[in-house]
Amino acid sequence: MSSVSIRPATSADLGAITEIYADAVIHGTASYELEPPTRSEMGARFDGLMAGGFPYLVAENGDAVLGYAYAGPFRPRPAYRFIVEDSVYVSPGAKGQGVGLALMRHLIEAVRAAGFRQIVAVIGDGHPDSASVRLHEKLGFRHSGRLEGSGYKHGRWLDTVFMQLAMNGGTLAAPDPDSLPERKFRQKQ
């Protein structure tokens, strides 16, 4: 793990990001997509997040991308502007080595620095011993809901778990007018 570095993702990383996500879609249950998106579609998603100023990170060892994490809008309506949803995916060969934890720690700090108030994790196949649930618990996320049987993949029904992490005063303080979500909101007015 000591040779793993975390940095902002660039469009040059999209090939590896697309492969990592394709593996998760094909073999896993964290994503409810049934067909892996193309490199072009992943590029459009990346461009949208970058245009919005959202953090998008990769973990690498040398030239190899081991995983990625990003935060994006939780929902499109403006009252949700202080909440982001996180996503984290790790390549099969790097699982269990702390890559997801390192990515999420950096992502949380980037989200905090931007002035957001909550990070929401929407975890597919969110059974109590899933790696994603345990990761988010380790980082201080609290359980905030469960949708039973909300997805059907690989021949079985899956629950979706919602977890959230408050930051920057959460709901105890007024919005910061200098935060990224407030600046973007004022630009649209």
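Quick summary incoming for the structure in this document. (Residues numbered from 1 in each chain as written. Predicted model: local features only at pLDDT ≥ 70, side-chain atom pairs only at ≥ 80, totals over all residues. Heavy atoms only, no water.)

### Description of the nonpolar core
Thought 1: By size, the foremost hydrophobic cluster in this structure holds 49 residues, and its most contacted members are Ile17, Tyr68, Leu103, Met104, Ile108, Val111 and Phe141.
Thought 2: Per element, the largest residue contribution to this core is nine residues, and it comes from helix H3 (residues 99-114).
Thought 3: Once residues lying within four places of it in the same chain are set aside, the contact partners of Leu103 are Ile6, Leu57, Val58, Ala59, Gly67, Tyr68, Ala69, Val88 and Tyr89. (Core = buried A, V, L, I, M, F, W, Y, C linked by side-chain atoms within 4.5 Å. Buried < 20%, exposed > 50% of the residue type's maximum accessible area, 1.4 Å probe, protein only. Helix = DSSP H or I, 4+ residues; strand = E, 2+ residues; numbered from the N terminus. Contact = heavy atoms within 4.5 Å.)

### Some remarks on helix H2 (residues 39-51)
Thought 1: Taking 1.5 Å per residue as the helical rise, H2 with its 13 residues ought to reach 18 Å, and the 18 Å between its terminal C-alpha atoms agrees with that figure.
Thought 2: Listed as buried for H2 are Met42, Gly43, Phe46 and Leu49. The buried residues of H2 occupy an angular sector of 125° when projected down its axis, which confines them to one face. Turned more than 90 degrees away from the buried face of H2 sit Ser40 and Ala51, all of them exposed.
Thought 3: Buried residues belonging to H2 abut helix H1 (14-27), strand E2 (56-61) and strand E3 (64-73).
Thought 4: Phi turns positive, to about 80°, at Gly53, one or two residues after H2. (Expected span 1.5 Å × (residues − 1). Arc of directions from axis to C-beta.)

### What about the pattern of salt bridges?
Thought 1: Overall, the coordinates contain eight salt bridges when judged by the stated rule.
Thought 2: The salt bridge partner of Asp13 is Arg7, with a shortest N-O separation of 2.7 Å.
Thought 3: In this structure Asp13 comes out as buried when scored by relative accessible area, which is 6%.
Thought 4: By relative accessible area, which is 23% here, Arg7 ends up partly exposed. (Salt bridge = Lys/Arg side-chain N within 4 Å of Asp/Glu carboxyl O.)

### So, the sheet that holds strand E1 (residues 5-8)
Thought 1: Sheet architecture is open: seven strands sit in the order E1-E2-E3-E4-E5-E7-E6, paired in mixed fashion. Both edges of this open sheet fall to E1 and strand E6 (142-153), since each of them pairs with a single strand only. Going across the sheet, the axis of each strand differs from the next one's by a mean of 25°, ignoring polarity.
Thought 2: Where H2 meets the sheet, its contacts fall on E2 and E3, and the angle it forms with E3 comes to roughly 55°.
Thought 3: Helix H4 (residues 131-138) contacts strand E4 (83-90), strand E5 (118-124), E6 and strand E7 (156-166) of the sheet and is inclined by roughly 160° relative to E5. (Pairing = 2+ DSSP bridges. Axes fitted to C-alpha atoms, helices over the stretch in contact; angles between N-to-C directions.)

### A few points about the packing of aromatic side chains
Thought 1: Tallied over the entire structure, the rule returns nine aromatic pairs.
Thought 2: A centroid spacing of 4.9 Å and a plane angle of 25° characterise the contact between Tyr56 and Tyr70, whose relative ring orientation is stacked. Taken as a pair, Tyr56 in strand E2 and Tyr70 in strand E3 lie far apart in primary sequence, 14 residues in all.
Thought 3: When the centroid spacing of 6.3 Å and the interplanar angle of 10° are considered together, the rings of Tyr68 and Tyr70 count as stacked. (Phe/Tyr/Trp six-rings, centres within 6.5 Å; stacked < 30°, edge-to-face > 60°.)

### Focus: the pairing of E3
Thought 1: Here E3 lies mainly inside the structure; seven of its 10 residues are buried.
Thought 2: With six bridges joining them, E2 and E3 adopt antiparallel strand pairing. Along E3, the bridge assignment pairs Val58 with Tyr68.
Thought 3: Between E2 and E3, which pair antiparallel in sequence order, lie two residues; one of them, Gly62, sits at a positive phi of approximately 65°.

### Considering the pairing of E6
Thought 1: In this sheet, E7 lies alongside E6 in antiparallel orientation, the contact comprising eight bridges. The residue of E7 that forms the bridge with Arg146 is Val161.
Thought 2: Between E6 and the antiparallel strand that follows it, E7, lie two residues; His154 among them carries a positive phi value of about 55°.

### Structural notes on the packing of H3 against H4
The packing of two helices is summarised by the inter-axis angle and the distance between the axes.
Thought 1: Where H3 contacts H4, the axes come no closer than 11 Å and their chain directions differ by 45°. Relative to H4, the element H3 lies oblique. Crossing geometry of H3 relative to H4 is assigned as right-handed. The residues of H4 that touch H3, namely those facing Gly100, Leu101 and Met104, are Leu135, His136 and Lys138.
Thought 2: Taken together, the residues of the contact of H3 with H4 break down into three nonpolar, two polar and one charged. (Parallel < 35°, antiparallel > 145°, perpendicular 65-115°, else oblique. Left-handed = near helix turned anticlockwise from the far one by under 90°. Nonpolar A, V, L, I, M, F, W, Y, C, P; charged D, E, K, R; others polar.)

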